[in-house]
Structure formats: C-alpha cells, structure tokens
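# Geometric and topological summary
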Amino acid sequence: MSPRPSLLAVTLPLALLAGCAHSSDAPRPVAPAPDYVGTTEPMAADAVYFVVTDRYVNGDPSNDQRDQGRDKGAAYFTFDRPTPGAEAEGDNIGYLGGDFRGVLDNAETIRDMGFGAVWITPIVDNPDEAFTGGKPAVKGGFLSDQGKTGYHGYWGTNFYKLDEHLPSPGLDFAGFTKAMRGKQLKVVLDIVANHGSPAYTMPKRQPPYGQLFDRDGRLIADHQNLPPDQLDPANNPLHAFYNTKPGLAELSDTNENNPAVLDYFVGAYAQWIDQGAHAFRVDTIPWLPHGFWKAFADRIRAKQPGFFMFGEAFDYKVEKIAEHTWVENGAYSVLDFPLKEAMGEVFGRQRMGYERIAPKLFLENGPYRDPYALMTFYDNHDMPRLDASDEGFIDAHNFLFTARGIPVIYYGSETGFMRGAPEHAGNRNYYGQARVDAGRNHPIQQAMRRIARVRAATPALQRGLQVNIEMAGDRAAFYRVLQHDGVSQVALVLLNKGDAPAGFAVREMLQPGAWRSALDETRIDVKAGDALLATVPAHGVQVFVLDAPLRDVALRAALDRAAKGAKPRG
C-alpha cells in the first residue's frame, strides 16, 4: 500500500493551481508524502524474552535424565552439580531440568508481559557426562569448565540431533515452535558454528567430547583428546574439521577454511528452520571470518528469504561490531554492546545521566547498516546481571521499550532476579514456576508489562526514526516517527528516572493536533505555537501519540538528517 499523502503535500499544489494560469487543464501530479522509517525489518515488531532453557522452568521431570553419568562416578554425573564455592548463591554447573514444556507452559505469561518472541539457548545434542578436563569450575571462575555439563547447549556434538533433556512426548522442536506460534510467540534459536564441545585436557578420553556426528549419526570429526597443535588434518580426516591453533578454552575450534564445515552447519541449521525456528542468534560471531558468515547467510537466505539473524560480538567498540551488519559481511544484526555499556552506567547503581546514552544511539552518521534493528539489552548470561534497584530496572525498561532497537530481556530481570550476579555466582540460576507465578505482582514486572504493551501496540516505537529533544541528567525526551506503508504516526516519549515528578514543556518540532497518551488515554489538543505540557512521575514514562501525517517542517528536516545519517552503508 502506498503511503497516504500529507495534508501539506495535497493542499500546496492545489493552492498554486488556483492562483496561476496554465496552458493545460491537466492537473499537476501530487507529490507523495515523505517516507520516514527507521527499519522495515519485520522482527522489529517483537520484543524478545531470552531464556537459558534448562534454567527457566522444569515443565516435565520425566526428561531430566537424573541418573545420567552417575554409574561412572561423582566426576561424571550430570544432574544438579552445585558450583564449588558458590553453593550459597545457588549456582549450579549441572542440568536442573528446564525444558520446552516449561517454556510453553508459561507462553501466555511471556506474551502478557509484552513479548512477541522467545530466544532459547542451543537445542543440539550435548555430551552425556560432566567434563573432566580444563580448570575446575568454581565460584567466579571464567572459562573454567572442569566438572561442568552442557546444560547451556553450547557444547554441540551432533548439530542435527535434538538434545534429550528438552523434548516431551508430542513436543519435539517442531511441535514446540508450532505450539509457541499458537500462543503468538516466535522462537529465536541460538546457534553455534565456531566450536563444538570441549576437546582436550581430559585425564582420560571421554567420547563424545571433541567429536562431531552427522545427520545419520556417523562420526565425522574427532579431536581424540589431543591439543590443537598435535592434530594432523593432512593425514587424519577426523582432524580436518578442526583448527590446529588454540581457540576458546579447551573447545574444539572449527576450521573455517574447510568447505565441509560450512556445509555441515548450513545443513544442520536449515533443518531447524524447517522445524519452525523464526530467527537465529549467532554465538561468538567474530570467531569466524566475515567470509564464512557471508556465505552462511547467503545460503540460509536462499532457502528462507529475509531470514533474520543477529550476532554476539562481545565488544564495546562500535567500529568492530558494526562490521557484522554490513551487506558485504552478511547483513546481520548484532547485540548492541556499546549501548549496553552505557545503560549499565545510567540505570545501575552509578545512576549517571542520560547524556551517557545519547552518543551510543548513533542516530546520525553511525557505522551500522540498520541501527534500528539492533538488539538492545542491559545484561545476559555471559556477564554479571544488571546491578540496580527496582527503580533502576523500571527506568531501564522504560527506555528500552521506547528507544530505537529491538529490546531483549534476560529471564528473571522482570523481578530483578540475582541482580549483580556474574557467571558461576548466580547469573544462570534456576528460576522456576513459583517465581514465574509470584512475578506477576512484582513492581518491576508490572511496570515493564505496561510499557512493553505500549510498544507492542505502537508502530512508531517499533520501527520509527528517533529524534532526540532532550537527553541529560534524569530526563529524556525524544520523538519516534513512522510514515511508511500507509501508517503515519508520531510518538513523543518523556522519561524521568529521578526520584521526584518532572514537568515537561515540549515546543521543539511539535506538530499541532490531538495527542493521546498511549499509557492512560488522556488527550491533549495542541494548537499552533503551544507547548505540550506534562508531568511525568518519579521513575516514570509518558508516551503521547499523534496519528496524523507529518507536517511540521522542523521535524521533517531533523528526520531527513536522521534517515540519511543512520544508514551510511548499503
């Protein structure tokens, strides 16, 4: 559908026609309304709820595999292994039972909070024993995996096979994605291609650690408990999948120069698309070169045009993570780490001002291909959870669900769960059904539900260009504007993270008209030259919406700059 012409675009040519003589009676063509849109990415409509599946809810105890590895001794069993030194925090390096059923049973709660998608950790088959190599996993340990299991899913041994801890009778991955779609939730699948399971330093070989199997269950790669520099890919075909230089920790590091590696992962992940995966989150995307990911993206999108993928480049340097978004590198989105860094400063215990956030948005002259389709977040499973007060979480959510980007919330953050806790000290603790149920009455969750639902109902907050009016101290005010494909909408966002109510008087680039509050449905009629006056409560938000074609000349000029500067690369 073509965009509706603005009132200015219609009336101005008619006025000129009425006042001038013409040699022809043929009417002059009416110029279409300008197109103002931050992103046309469909995924931008859906805020994302991220769960470490094993740690969310145990919906089906029959798939817990509680005796797995136990017959070999205490070093091998996989279920419920408290992290040494972190027992008091409840940290655990074993499986704890979360599964597809636990997520599906709470789909309505997730949807009710305002989410349109759920990101789950990898589903592929992982080893059936605890790892005996590496450094001991202890409280606060980093890249220390001894005694740890593959509960997180990132230690794949067969990327074509579903891990046995996740499904229930009648609820395999295809059944899960279909059931989630029935609850109006898309499934984002976490994928890994740069490594498999830990592969060496074991006192004694532990198959399938360091091994890979194909779709038919045949062994196609084996590290054989050898350090990388002792692999012999030229003479041993089972070594050809792996690099001979060290990778991350003791993980089996895949050889990006072997075409069979790309074929293997394209085939595996195409299978999960066929079974209903709606998008991919790409783990550790910088560990493989751009050429690999470009070829991967081309082949995946040849099968599924427009398939959305976002990468994890754990780097706060914008010039590094932006490269992954460029067309020549596969046109991925990325998790917005530079913005995450600023959000921790602004909404955490430091309570710094919004001026820390403004430059990290890159609304003009930025390096990203599509900054409005970046995944915005403040913490995840690989870093300490946000250390903030309840009010800090509320302020963070008020910003995330109104500013540019696609919000991602880590499970439990709706109640401030394990705030400030790092990995191996509570970051991935088990949440459970009791906490899900109690969370409905938590002040953080109630406030998040309110603003997340506003985003879900307001196209301008999902896909509109952003123009800042004020962003400093405890105050922020900005427009989100969408004029595209028949939709004309301006949203004015007012944020107050202070401890007292704040008054706003907005005149800058303000278009006259009937503005309605998306939060309480009050209406303010603004006449030409007037200001929009509003009081925003402490740690509060207000969103005023104007459903009308854009006519304000100053705002149009600002949007022209934003539209041009936000996308410098094709």
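Please read these numbers as outputs of a predicted model, since none were measured by experiment. (Residues numbered from 1 in each chain as written. Predicted model: local features only at pLDDT ≥ 70, side-chain atom pairs only at ≥ 80, totals over all residues. Heavy atoms only, no water.)

## Remarks on the sheet that holds strand β13 (residues 375-376)
Going by this rule: In this description, strands pair whenever DSSP reports at least two bridges between them. Only DSSP runs of H or I reaching four residues or more are called helices, and only runs of E reaching two or more are called strands; each is numbered from the N terminus. Residue contacts are counted whenever heavy atoms from the two residues lie within 4.5 Å of one another. Convention adopted: a line fitted to C-alpha atoms gives each axis, helices being fitted over their contacting stretch, and angles between N-to-C directions are expressed from 0 to 180 degrees.
Sheet architecture is open: 8 strands sit in the order β12-β11-β10-β5-β2-β1-β14-β13, paired in parallel fashion. Among the strands making up the open sheet, the edge pair consists of β12 (333-334) and β13. Where strand β1 (residues 48-51) meets strand β2 (residues 117-120), 4 bridges bridge the pair, whose relative direction is parallel. Across the sheet, residue Val 48 finds its bridge partner in β2, namely Ala 117. This element, helix α6 (residues 290-303), spans β5 (186-191), β10 (279-282) and β11 (308-311) of the sheet and lies at about 160 degrees to β11.

## What about the packing of helix α5 (residues 259-274) against α6?
As a reminder, the rule being used: Each crossing gets its handedness from the near helix: less than a right angle anticlockwise from the far helix is left-handed, clockwise is right-handed. Asp, Glu, Lys and Arg are counted as charged, while Ala, Val, Leu, Ile, Met, Phe, Trp, Tyr, Cys and Pro are counted as nonpolar; the rest, among them Gly, fall into the polar class.
The geometry of α5 relative to α6 is characterised by a closest axis approach of 10 Å and an angle of 35 degrees between their N-to-C directions. Judged by the sense of rotation from one axis to the other, the crossing of α5 with α6 is right-handed. Contacts from Val 261, Leu 262, Asp 263, Phe 265, Val 266, Tyr 269, Ala 270, Ile 273 and Asp 274 of α5 reach α6 at Phe 292, Ala 295, Phe 296, Arg 299, Ile 300 and Lys 303. Of the residues belonging to the contact of α5 with α6, the class tally is 11 nonpolar, no polar and 4 charged.

## Remarks on helix α13 (residues 553-565)
Selection rule: A helix is expected to span 1.5 Å for every residue after the first. Classification of residues uses two cut-offs on accessible area relative to the type maximum, computed with a 1.4 Å probe and protein chains only: under 20% is buried, over 50% is exposed, and between them is partly exposed. Within 3.5 Å is the distance limit for a polar contact, defined as a pair of N or O atoms, with the added protein rule that one can donate a hydrogen and the other accept it, and that residues adjacent in sequence qualify only through two side-chain atoms.
With 13 residues, α13 ought to run about 18 Å at 1.5 Å a step, and its terminal C-alpha atoms sit 18 Å apart, in line with that. Buried within α13 are the following residues: Leu 555, Arg 556, Ala 558, Leu 559, Ala 562 and Gly 565. If you check the start of α13, you find a side-chain oxygen 3.2 Å away from the backbone N of Ala 554, and it comes from Asp 552.

## With respect to the confidence of the model for the protein chain
As a reminder of what qualifies: For every residue, the predictor reports its confidence as pLDDT, a number between 0 and 100.
For the protein chain, the average pLDDT comes to 93, and 94% of its residues sit at 70 or higher. Scored below 50 in pLDDT, residues 1-30 shows 29 contacts in the model against residues more than four places distant or in partner chains.

## A look at the sheet that holds strand β16 (residues 475-484)
What the 6 strands build is an open sheet, ordered β15-β16-β17-β22-β19-β20; its pairing is antiparallel. What marks the edges here is a single partner per strand, and that holds for β15 (465-472) and β20 (523-526). Between one strand axis and the next, the sheet turns by 20 degrees as a mean value, whatever way the strands run. Sheet analysis places strand β19 (residues 513-517) next to strand β22 (residues 540-546), joined by 2 bridges and oriented antiparallel. Looking across to β22, one finds that Arg 516 is bridged to Val 545.

## Here we look at the packing of aromatic side chains
The line we're drawing: When the centres of two rings from Phe, Tyr and Trp lie within 6.5 Å, Trp using its six-membered ring, the rings pair. Their planes under 30 degrees apart give stacked, over 60 give edge-to-face, and anything left gives tilted. As a reminder, the over-ring test applies to NZ of lysine and CZ of arginine, requiring each to be within 6 Å of the ring centre and within 35 degrees of the ring normal.
Scanning the model with the defined rule gives 40 aromatic pairs in all. An angle of 40 degrees between the planes, with centres 6.1 Å apart, marks the rings of Phe 308 and Phe 310 as tilted. Overall, the relative accessible area of 8% leaves Phe 308 in the buried class. The buried category is assigned to Phe 310, whose relative accessible area is 0%. The interplanar angle of 75 degrees and the centroid separation of 5.0 Å between the aromatic rings of Phe 417 and Tyr 431 together place this pair among those described as edge-to-face. You can see Phe 417 sitting in the loop between β14 (406-410) and α10 (433-439) and its partner Tyr 431 sitting in the loop between β14 and α10, a full 14 residues away along the chain. Among the aromatic residues, those joined into a ring-pair cluster are Tyr 49, Phe 50, Tyr 56, Phe 115, Trp 119, Phe 308, Phe 310, Phe 401, Tyr 410, Tyr 411, Phe 417 and Tyr 431. Over the ring of Tyr 151 we find Arg 55; its NZ or CZ atom is 3.8 Å from the centre of that ring. When the ring centre of Phe 77 is taken as origin, the NZ or CZ atom of Arg 81, which lies over that ring, is 4.5 Å away.

## Regarding the pairing of β5
In terms of burial, β5 is largely enclosed, as 5 of its 6 residues are buried. Taken together, the 4 bridges between β2 and β5 define a ladder with parallel strand orientation. Pairing of Trp 119 across the sheet is with Val 188, part of β5. Alignment of β5 against β10, held across 4 bridges, turns out to be parallel. Residue pairing for β10: Asp 190 is matched across the bridge by Arg 281.

## A short note on the nonpolar core
What counts here: As used in this record, nonpolar core signifies buried Ala, Val, Leu, Ile, Met, Phe, Trp, Tyr and Cys residues forming a set joined through side-chain atoms within 4.5 Å.
Counting 160 residues, the largest nonpolar core has Phe 173, Phe 280, Phe 296, Ile 357 and Val 543 as its most contacted members. In terms of residues, this core owes the most to one element, α5, which gives 9 residues. Once you skip the residues sitting within four places of it in the chain, Val 543 turns out to touch Thr 402, Ile 451, Val 454, Leu 461, Ala 491, Leu 492, Val 493, Arg 516, Ser 517, Ala 518 and Leu 519.

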